[in-house]
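Per-entry structural report
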Amino acid sequence: STTCRVQRWSYRPHTAHMVCYLQRAAPTADDLLRWGEAMAAVGFTAVRTSVMSGPTADLLESAGFHVLQELALLENGRVRESAAALVTAAGRTERLSPRRLGRAAQIDLAAFGREWALDDNALHDVCSATPRHRLRSAGGAFVGSTSLSSTSAYAVTGRDGRRGFLQRLAVHPAAQRRGLGLALVADSLGWMARWRVTSALVNTALDNDAALELYDRTGFVRLPTQLRVYERSLA
């Protein structure tokens, strides 16, 4: 009942990304040891986890993993009301074709840097993490006379029953402070509201002040849950 899926961490070919979704039980210390040996056997030198919390996080720390990043978890429990309040603030967004995930990955890299950016394969995985998802992009941007693209920001939104997730949002640094992030959050909440989603979750790094401000403006409230990404050497 406990499995993990392993893929290369974006832009770090020797670091494994250990993904544990929809588990019936938390992994044991023996599971982590066995998985680590299997990763090392195929050439990985380190392993990082997805976002973890609760008992699994405690287990990871006891198994030699250290905290690499801490994140805030935020919830909007009034999705319909927030979506209605943001109608006038919502800018234009467009459908982002799955075939253009490469462009989204370029924006992600510019926004988050090589340490935390997602490549196109990782973004495909994000889209697959929920039963239903929505891909949207927002407006162009210019630096001097150079056009960056007709797509300068993007968002992935997912839903599972009445629970919604703003899974990823990135705005190219040259296009920030132009309302593109606000437009994408408004679109995300509006889509959730149309599907009768009652609660939406999002997480972001504790030091991402711009994102925390945006989510506060759009009805999200920070929860006490501790979210962390862990790493361990496989040497």
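Everything below is about the structure shown above.
Residues numbered from 1 in each chain as written. Predicted model: local features only at pLDDT ≥ 70, side-chain atom pairs only at ≥ 80, totals over all residues. Heavy atoms only, no water.

Once that is clear, we can look at helix α6 (residues 180-194). Look at α6: 21 Å from first C-alpha to last across 15 residues, which is about the 21 Å you get at 1.5 Å a residue. α6 sits mainly inside the fold: 14 of its 15 residues count as buried. Following α6 by one or two positions, arginine 196 has its phi on the positive side, about 60 degrees. (Helix = DSSP H or I, 4+ residues; strand = E, 2+ residues; numbered from the N terminus. Expected span 1.5 Å × (residues − 1). Buried < 20%, exposed > 50% of the residue type's maximum accessible area, 1.4 Å probe, protein only.)

Mapped onto the elements of the fold, arginine 134 is located in strand β6 (residues 132-138). Engagement of the side chain of arginine 134 in a polar contact is seen with the side chain of aspartate 187, the distance being 2.9 Å. (Polar contact = N/O pair within 3.5 Å; in protein donor to acceptor, adjacent residues only side chain to side chain.)

For any two helices packed against each other, the geometry comes down to the angle between their axes and how far apart the axes lie. Two elements in contact, α6 and helix α7 (residues 209-217), have axes separated by 11 Å at closest approach and are oriented at 45 degrees. Between α6 and α7, the interaxial angle falls into the category oblique. Relative to α7, the crossing made by α6 is right-handed. Of the residues in α7, those in contact with Gly181, Leu182 and Val185 of α6 are Leu214, Tyr215 and Arg217. (Axes fitted to C-alpha atoms, helices over the stretch in contact; angles between N-to-C directions. Parallel < 35°, antiparallel > 145°, perpendicular 65-115°, else oblique. Left-handed = near helix turned anticlockwise from the far one by under 90°. Contact = heavy atoms within 4.5 Å.)

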